[in-house]
Amino acid sequence: MLVTLDPRDDRPLYLQIVDQVRRALLVGTLRAGEPLPSVRELAAELVVNPRTVSQAYRELEGEGVICVRRGQGTFVAPTIHPERRQRRALVRGVAERALTDAGRNGLGVEELVAMIRKVAREGRGSAGTGRVRSAEEEGAA
Amino acid sequence: MIGTDPPDDHAIATHALCKRYGREPALDRVDLRVPEGEVYVLLGVNGAGKSTLFRMLMNLERPDSGRAEVFGRDTRRDGPMVRAQVGYVPERQDAPHRSMTCGRLLQHVATFYPAWDDAYAAHLVRSLEIPTGKRIGELSKGETRRLQLVLALAHRPALLLLDEPTDGLDPVIRRRALALLAEHLADAPTTVLISTHHIHEIESLAGYVGILREGRLVAQAPRDELQRTVRSYQMEVPDGWEIPAELQVSRRSRSSAGRLARCTLVGEEREVIRRLGVTGARVRQVSALTLEEAALAYLPGDPS
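Residues numbered from 1 in each chain as written. Chains lettered and ligands numbered in written order. Predicted model: local features only at pLDDT ≥ 70, side-chain atom pairs only at ≥ 80, totals over all residues. Heavy atoms only, no water.

A. Inspection of the packing of helix H3 (residues 102–110) of chain B against helix H5 (residues 141–153) of chain B at higher detail. Residues and elements named next belong to chain B. Contact pair H3 / H5: the axes reach a minimum separation of 11 Å and the direction vectors enclose 20°. In terms of orientation, H3 and H5 fall into the roughly parallel class. You can see that H3 and H5 cross each other, and the crossing is right-handed. Here H3 contributes Cys-102, Leu-105, Leu-106 and Val-109 to the contact with H5, which in turn contributes Leu-147, Val-150 and Leu-151. Split by residue class, the contact of H3 with H5 holds seven nonpolar, no polar and no charged. (Axes fitted to C-alpha atoms, helices over the stretch in contact; angles between N-to-C directions. Helix = DSSP H or I, 4+ residues; strand = E, 2+ residues; numbered from the N terminus. Parallel < 35°, antiparallel > 145°, perpendicular 65-115°, else oblique. Left-handed = near helix turned anticlockwise from the far one by under 90°. Contact = heavy atoms within 4.5 Å. Nonpolar A, V, L, I, M, F, W, Y, C, P; charged D, E, K, R; others polar.)

B. Up close: the sheet that holds strand S4 (residues 39–43) of chain B. All names here are of chain B. Strand order in the open sheet formed by six strands is S7-S8-S9-S4-S10-S11, with mixed pairing between adjacent strands. The sheet is open, and its two borders are formed by strand S7 (86–89) and strand S11 (216–222), each paired with just one other strand. Within the sheet, the average angular offset between the axes of one strand and its neighbour, ignoring direction, is 15°. Here strand S8 (residues 159–163) pairs with strand S9 (residues 191–196) via five bridges, running parallel. Pairing of Asp-163 across the sheet is with Ser-195, part of S9. Set on the sheet, helix H1 (residues 50–57) makes contact with S4, S7, S8, S9 and strand S10 (208–213); between it and S9 the angle comes to about 150°. (Pairing = 2+ DSSP bridges.)

C. Molecular detail of the interface of chain A and chain B. At the junction of the two partners, chain A supplies 18 residues and chain B supplies 28 residues. For the pair chain A and chain B, the summed buried surface comes to about 2,100 Å²; carbon and sulfur atoms form 47% of the total. When the area that chain A buries against chain B is broken down by residue, the three leading residues are A:Arg40, A:Val47 and A:Arg104, summing to 33%. Taken together, the links from chain A to chain B amount to five salt bridges. The salt bridge partner of B:Arg231 is A:Asp10, with a shortest N-O separation of 2.1 Å. For the interface between chain A and chain B, the tally reads 10 residue pairs in polar contact (both at pLDDT 80 or more). When contributions to the side of chain A that touches chain B are tallied by element, the ones reaching two or more residues are helix H2 (39–46) and helix H3 (50–62) of chain A. Take the side of chain A that touches chain B: its biggest share by element is five residues, from H2(A). In terms of residue class, the side of chain A that touches chain B is made up of nine nonpolar, two polar and seven charged. (Buried area = accessible area lost by both parts, 1.4 Å probe. Salt bridge = Lys/Arg side-chain N within 4 Å of Asp/Glu carboxyl O. Polar contact = N/O pair within 3.5 Å; in protein donor to acceptor, adjacent residues only side chain to side chain.)

This is the structure:
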């Protein structure tokens, strides 16, 4: 699993980790039942306080996305359906970021939504087709 | 100054700590609060007072006034008891025992600490590539730093005081040292006070940030708060417009081109925009900053 933190992202680090795990589930780099790195491993890899990773894992556990099996480690929940709740959570995150950015630039919601539709119609990639991977790339661009 | 006292117990608390060298104040009424279990990054240019503060916590220097507590113990009265709980990497490199080899020094120091972990020390020696056969006096700057890190970590102290711990390390070893520190924190609850003038290296580890400027602690806040409340604003301003004083991070924080101005301002974004509106400024764009950029806004000579 690849987690990267963006120093320009001003959300708390643990939320960035939560988001990236959700994203990994959606794009399929992480699947139901698979193991996650331990708190210690991920903390060392990202050079973050292990508390930050624990906080992210607690949040994901609370949402039923991952489960901790004592003595065995942390795993993606075996029955996870990323296509539903995770997708909603991810879309919500993208929408919130877009709205914040729009608000800072003095743009209204309707204006933003209309422009997103227009840009999608003009064929910027396949953002309008609903394929997760492409939507992700659009989001990152 | 942003930030309030966190409700947690403090591993370190200083109370109006003052120190002068001649007429120059090295520390000016510093109230440092390091919550237990946190990684607290202390920032400041060279000469801002960071090392003086560390030496005072280690009781290697006496304050002119004020006092410091480590785990509730006065650092002057209970100096030895405090030091037993601390792993210290000093900024200055003049280590004693110059003719001793690194391996011999490690054995020697181990005897002072009941909690010294031989297996862990060996792991650190391997990971940080300590030349155990080399004499202390012949070590390079980077080698000395690495050895100091092993000495500070191997007895698993409750508090780590790391004064510029990555200074003189090459990028690969630096990254490895920071990863080792993250693992160290996972294995045992530890509070860390770490000073640096390269915050980008350790910003992801930081839970708290304190900024020393000319001996004064000008900011002290959780990292998320600092990053949330210091942002760059681009706006259209009327003629003769001045930045409202209460929003200024530091004096030289404005650049302007005609009626457009860009400032780094402090405060919750909504409130800042409201106050700017009152002064006739129209905010065009707000950008989030990296933790490093937010912190730099408090330091002298910030160009933004």
